[in-house]
Amino acid sequence: MERKVFVIDVNACVGCHNCFIACKDEFVDHSWLPYSEAQPDMGPSWIMVQEIERGQFPKVKTCYVPQLCMQCENPPCVKAAQQDAVYQRDDGIVIIDPQKSKGQKHLVKACPFANIYWNEKLDIPQKCTFCIHLLAQGWKEPRCVEVCPTQALRFGERAEFADVIAQAEPLHPEYGRNISVYYLGLPKAFIAGTTYSSQSGECLEGVKVSLIQDSGEEVLRTLTNNYGDFEFEGVEVDSTYCLKIEADGYYALTIEGIYAKKDVYLKEIYLQEKVW
Amino acid sequence: MGKTAKGKKESERTELYTMCTMGGVLQVEVKNGEIFRVRPLPLREEEVASARWKIEVGDRTFEPPARVAVAPYSLCFRRKVHHPLRLKYPMKRVGFKPGGVSSPANRGKGEFMRMSWDEALEMVAQEMERLRRTYGPAAIFPMYRAHCMWGGVHQVFGPHKRFFDLLGSTEPLVNPNSWEGWFWGAVHVSGFQGTMGFPLQDDLLEDTLKNSQLIVWWSCDPERTSWQYAGQESALWRLWIRELGIKQIFIDPYCNYTAGRYATKWIAPRPGTDTALAAAIAYVWIVEETFDREYVETHTYGFDKWRDYLLGYADAVPKTPEWAEPITGVKAAVTKALAREWASKRTCLGNKYGSACRTPYGHEWARMMIFLQAMQGLGKPGVTLWTGSEGPPSNKEFFFPSYAMPETPMMLVADRVPKNPVKQHIYRLLVPESIMNPPVNWVGAGSASSSLGPDSQFKAFKYPESGHPEVKMIYRTGTEHFSTLPAGNRWVEMYQSPKLEFVVVQTPWRGGEAEFADILLPACTNFERNDISEWASVRKRRSTNYRIIVYQQKCIDPIYESKSDYEIFTLLAEKLGFKQEYTEGNTEEQWIRKTFARSALPKYISYEDFKKKGYFIVPLPQDHRPEPTFRSFYEKGEGLETPSGKIEFFSQRIHKYFPDDPERPAVPHHIPSWEGPTSPLMKKYPLQLITPHARYSFHTQHENVSWIRSIPLHRVTKDGYQYWPAQVHPSDAAPRGIGEGDLMRVYNDRGAVLLIARITEKVRPGTVHSVTAGEYDPVEPGKVGSLDRGGAVNLLMPSRFMSPNAPGQVTQCLVQIERWEG
């Protein structure tokens, strides 16, 4: 059976939470045995939209990363389950058996992505089923995909998305090989700043800014815009960089030891005018 | 008429209905008399073929998909309709006795007992009779505004207004609380009274995509404010704008939802100082001669007075970027760079309702917004004022009555539209003062001016009117709006005033204002009655990719003993002896049928087919030609609804009525906020709290829905309660010992609210951001000044008008915050 996949375009997600509410509408009060029992009315749905805030005032960006069961290959929850309470189907969809899994709270921790939720009332672990009960009835896509206003969520068989998947990446590859949920546009880090003339105070446009890696290798180069702003988007996190800032008529400036734990805004950078 | 889905066993019969809500058109699945599933109305490619438009830009073609994009709160209606707080039957406050003042101090304590419908209607009718007899009809005051459950026939100005106009009653005048600055300011610059002073939006999507090189979004967040009415129909447009590489600058003290996703540059002035920034931009254009001098000469009136203000001829203070910097907190260099870029490109200015128009002197800001674009040739291709969520190509000829005065279905199709014989009014923002401490004076008819004309903005009113009694009874219908009203504790005090003999609340749900009733009447939701409407249609503003007219098919019977508003008023009218005048013999279905007949629909579809199918998609004529708002003005230089017909830098109408008003002069000024960064009150309350509209709920609607409350970006659950968040910058949080997820007491002299802390870089230091409106949930119900934990930040807001002759509401204030240990 062809594997069912999600392709999630983080660039297109606006954090609206239609997916979250559609998941509630589909699963709260509704039991879809043998795949799932009813979801709790209050609290998480089985798709959660994580907001990621990037940068520092006033250089800030936000992005939203929808997260649902990754239907991993060799799923850790399957391994951790007792009495075969969790199993993987041929299409890749992992099902937590609502009856057999009763009391198996440790399954919540078994998921490295934290996409399994504990249902206190029913005493069972629960998670996204890719709306398998609807697919079985002939639906083309799960509820969350249908309601997405920007088609940030797409769903289908793996072969349909071959070219997209080639550019996509998994979330947290360190957790294992995930071949059911692919992401486009996951944020890395940016290094940004704003240049001004220390004499006139004006924003400096057209300043050459070079990003240099620890090794001394220049990796990226850009020019400041009319606000004096420059930005290197997509740098590797947990790396140390150095910036070289040059403009005609100004003394060049080097900023060393910029550690991109995550996004860095260097705030106001003043360039000294050369005195002749 | 429900359709039965195929392939189901009889025991699992699913009925399908079409329903329209504020944020989208839905297909509703019903099983065993209960809503089972709610989906965006599925559309087929062939259905939209004759309505689909294309916008070609270079080698790119943009066209909408065959789907409707709804708001999340439209998808929560299963829970909202079948809700534990639904009013099951009529109820009476414990201890309430009709016939006079009866333990008013107990209002708000929330103890009620069941009554039968007949008993309740009899009591309401008898009290109305008694009050009319004792004091006169003006003693009765209905409040029927605040976006009811969606529907054309049942629209607030339908059954509600019709009933109270026939009965005779003191009439509410409402403030345009989302649009204040535009309404009290921009109307006098470029007209558009009919749309609250904000210009129409015809065909601006295409104009922007094709012609604009830069968009400056100023106090504008389409990713949040577009959801009301049009759901998320415009979300794709923003992806297109980005795809085309149109640069986007955001001016807002908060890095709003749209800015976070799309900003090239975020500029964060201190709240309420936007006018200084706007003046400084205009100043740069004047001294650098980068404004459209010819346009200004031919298309505008009074420019020299604006120029004199900017250059400081009048007050010796040139409005330079350096002058603005200490006021706004925006570096002069950034202001100059922005001014230069704006003038050098075809720039679209993005505005909508928002925070800046709801500040002290918000009318000055709104006027300046029009000025800036006028100085750059407003109406030129790409040089527009756009909300970012309206103006797709649209069939403008096809008539269907919109969801607004004065063309609501009941007004259009009735044989006789009743005129209220009572000539007394109360202004919504002054209801508590009017009840508790009359007499009260104010200027302006509020939103009613959109049909009465701009001069009615300047009319003086008083309450009580000569020869009229004071109000003794409040009859509240529609969804609750308590949390949208400033200085909310005034309202608590008012409801408990012995001057009010009788309070009736007619609503589907308990909670909020309903708790203050003497009698509660259970209304049903729009899912429990039939209606007819066009999705998102408000005063000729188009905001959906396809115009969709809906037969709102009753999905289920009214729950418990609830009844439709029309039925309740019909029963009351019967008891009061004017049923025939009220209904004119029409059933609900007949009002719907007459509305259909009055519209353009019969040319395209039979009533039976329309009712059965549930919706109609309005085709777009083949020869559709865009006519962007202001284009004809740009070409002709005349025709605006101002005294001169031009854009007025010097507002002649303001000058005529209030020639010496220093707080709304004929030429707008930057006037320091009376509760802002330079107020003496800053010593006691050093933080500026801003409260724009919420994203995941609207004017308190949907706040009682568990699913909405579960959205982590909307509320944060702590110790089993979903608290309303406030965004605080780390530099304000750290010295107060406040960390992420801590509860905070946010307070000033007007009240105190418990909010949960979000520590974020998205807010300007010195500013606290929360949204309006949460749900009033007092820790001590019925107590004036009780700490609230539901997010009713309105308790903290000033009741002072934005300026004395512009009675607009203000939604920001000064506060202090402290960690709450409980």
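Residues numbered from 1 in each chain as written. Chains lettered and ligands numbered in written order. Predicted model: local features only at pLDDT ≥ 70, side-chain atom pairs only at ≥ 80, totals over all residues.

Student: Describe in detail the overall build of chain B, supporting the description with residues and values.
Tutor: Along chain B, the regular secondary structure elements total 28 helices and 34 strands. In terms of overall dimensions, chain B is globule-like: its C-alpha atoms have a radius of gyration of 26 Å, near the 28 Å expected for 822 residues. Principal axes of the C-alpha set define a box for chain B whose edges measure 75 × 60 × 55 Å. A burial count over chain B gives 60% of its 822 residues as buried. Here the analysis covers contacts within chain B between residues at least 6 apart in sequence; of these, 76% occur between residues at least 24 apart. (Helix = DSSP H or I, 4+ residues; strand = E, 2+ residues; numbered from the N terminus. Rg over C-alpha atoms; globule rule 2.2 N^0.38 Å. Buried ≥ 20, exposed ≤ 12 C-beta atoms within 10 Å, placed from the backbone. Contact = placed C-beta atoms within 7 Å.)

Student: Tell me what's going on with the overall build of chain A, and back it up with residues and numbers.
Tutor: Looking only at helices and strands, one finds six helices and 16 strands in chain A. Against the globule reference of 19 Å for 276 residues, chain A gives a C-alpha radius of gyration of 24 Å, more extended than a compact globule. Its C-alpha atoms give chain A principal-axis dimensions of roughly 85 × 35 × 35 Å.

Student: Give me the pairing of strand 3 (residues 24–31) of chain B: which residues, what numbers.
Tutor: Residue and element names in this part refer to chain B. As defined by bridge partners, strand 2 (residues 15–21) adjoins strand 3 across seven bridges and the pair is classed as antiparallel. If you follow Glu15 over to strand 3, its bridge partner there is Val30. Linking strand 2 back to strand 3 in an antiparallel pair, the connection comprises two residues. Of the strand pairs in this sheet, strand 3 and strand 4 (residues 34–40) are connected by six bridges, and their pairing is antiparallel. (Pairing = 2+ DSSP bridges.)

Student: Account for the interface of chain A and chain B, with residues named and values stated.
Tutor: Listed by partner, the interface residues are 35 residues for chain A and 38 residues for chain B. Listing elements by their share of the side of chain A that touches chain B, those giving two or more residues are helix 1 (18–27), strand 2 (48–56), strand 3 (59–67) and helix 5 (143–147) of chain A. With seven residues, helix 1 of chain A is the largest single contributor of residues to the side of chain A that touches chain B.

Student: Describe the domain arrangement of chain A, with residues and values.
Tutor: Residue and element names in this part refer to chain A. In terms of domains, chain A is made up of domain 1 (4–184) and domain 2 (189–271). Inter-centroid distance (C-alpha atoms) of domain 1 to domain 2 is 39 Å. At the junction of the two partners, domain 1 supplies four residues and domain 2 supplies four residues. For the side of domain 1 that touches domain 2, the element with the most residues is strand 2, which contributes three residues. (Domains from an automatic or database assignment.)

Student: How would you explain the pairing of strand 12 (residues 247–251) of chain B if you had to name every residue and give the values?
Tutor: Residue and element names in this part refer to chain B. By the criterion of burial, strand 12 is predominantly enclosed, with five of the five residues buried. Burial along strand 12 is two-sided: Lys247, Ile249 and Ile251 and Gln248 and Phe250, pointing in opposite directions, are all buried. The β-α-β motif built from strand 12, the intervening helix 10 (residues 257–262) and the parallel element strand 13 (residues 265–267) has right-handed crossover chirality. (Right-handed = clockwise from strand over helix to strand, strands pointing away.)

Student: Quick rundown of the sheet that holds strand 30 (residues 725–728) of chain B? Include the residues and the values.
Tutor: Residues and elements named next belong to chain B. With mixed pairing, six strands are arranged side by side around a closed barrel as 27-33-30-32-31-34. The mean inter-strand angle of the sheet, taken between neighbouring strand axes irrespective of direction, is 45°. Bridge count between strand 30 and strand 33 (residues 767–769): two bridges; the pairing is antiparallel. Looking across to strand 33, one finds that Gln727 is bridged to His769. (Axes fitted to C-alpha atoms, helices over the stretch in contact; angles between N-to-C directions.)

Student: Which residues make up the nonpolar core, and what values do they have?
Tutor: With 309 residues, the main nonpolar core has Cys19 of chain A together with Ile281 of chain B as its most contacted residues. Once residues lying within four places of it in the same chain are set aside, the contact partners of Ile281 of chain B are Thr335, Leu338, Ala339, Trp342 and Leu372 of chain B. (Core = buried A, V, L, I, M, F, W, Y, C linked by C-beta atoms within 7 Å.)

Student: Residue-level account of the environment of Ser679 of chain B, with values.
Tutor: Mapped onto the elements of the fold, Ser679 of chain B is located in the loop between helix 26 (652–657) and strand 27 (687–690). Those residues in contact with Ser679 of chain B that lie beyond four places of it in its chain are Ser673, Trp674 and Leu814 of chain B.

Student: Explain the domain arrangement of chain B to me, and be specific about the residues and the numbers.
Tutor: Residue and element names in this part refer to chain B. The domain architecture assigned to chain B consists of domain 1 (91–175 + 407–541 + 548–617), domain 2 (180–392 + 628–657) and domain 3 (680–819). For domain 2 and domain 3, the distance between their C-alpha centres works out to 29 Å. Across the boundary between the two partners, domain 2 contributes 24 residues, which contact 21 residues of domain 3. Among the elements of the structure, helix 5 (180–190), helix 7 (222–225), helix 10 and helix 16 (362–375) are those that each provide at least two residues to the side of domain 2 that touches domain 3. Here the side of domain 2 that touches domain 3 takes four residues from helix 5, the largest share from any one element.

Student: Give me the environment of Glu63 of chain B: which residues, what numbers.
Tutor: Residues and elements named next belong to chain B. Here Glu63 is to be found in the loop between strand 6 (60–62) and helix 2 (77–81). Distance from Glu63 to Pro621, taken between C-alpha atoms, is 16 Å for residues 558 residues apart in sequence. Once residues within four sequence positions are removed from consideration, Glu63 is found in contact with Arg52, Trp53 and Lys54.

Student: Account for the sheet that holds strand 11 (residues 214–218) of chain B, with residues named and values stated.
Tutor: Residues and elements named next belong to chain B. Spatially, the five strands line up as an open sheet ordered 13-12-11-15-16, and their pairing is parallel. In this open sheet, the two edge strands, each paired with only one partner strand, are strand 13 and strand 16 (385–386). Two elements, strand 11 and strand 12, share five bridges in a ladder whose sense is parallel. The residue bridging Leu214 from the neighbouring strand is Lys247, located in strand 12.

Student: Give me unusual backbone geometry: which residues, what numbers.
Tutor: A cis geometry characterises the amide bond from Tyr463 of chain B onward to Pro464 of chain B, with omega recorded as -5°. For the bond from Thr772 of chain B to Ala773 of chain B, the omega torsion is 15°, close enough to zero to count as cis. Along the chain, the position of Ala773 of chain B falls in the loop between strand 33 and strand 34 (812–819). In this model, Lys267 of chain A sits at a positive phi of 60°, which is unusual for a non-glycine residue. The residue Lys267 of chain A is located in strand 16 (residues 264–271) in this model. Here the phi dihedral of His699 of chain B falls at roughly 45°; this positive angle occurs in a residue that is not glycine. The topology assignment puts His699 of chain B in the loop between strand 27 and helix 27 (706–709).

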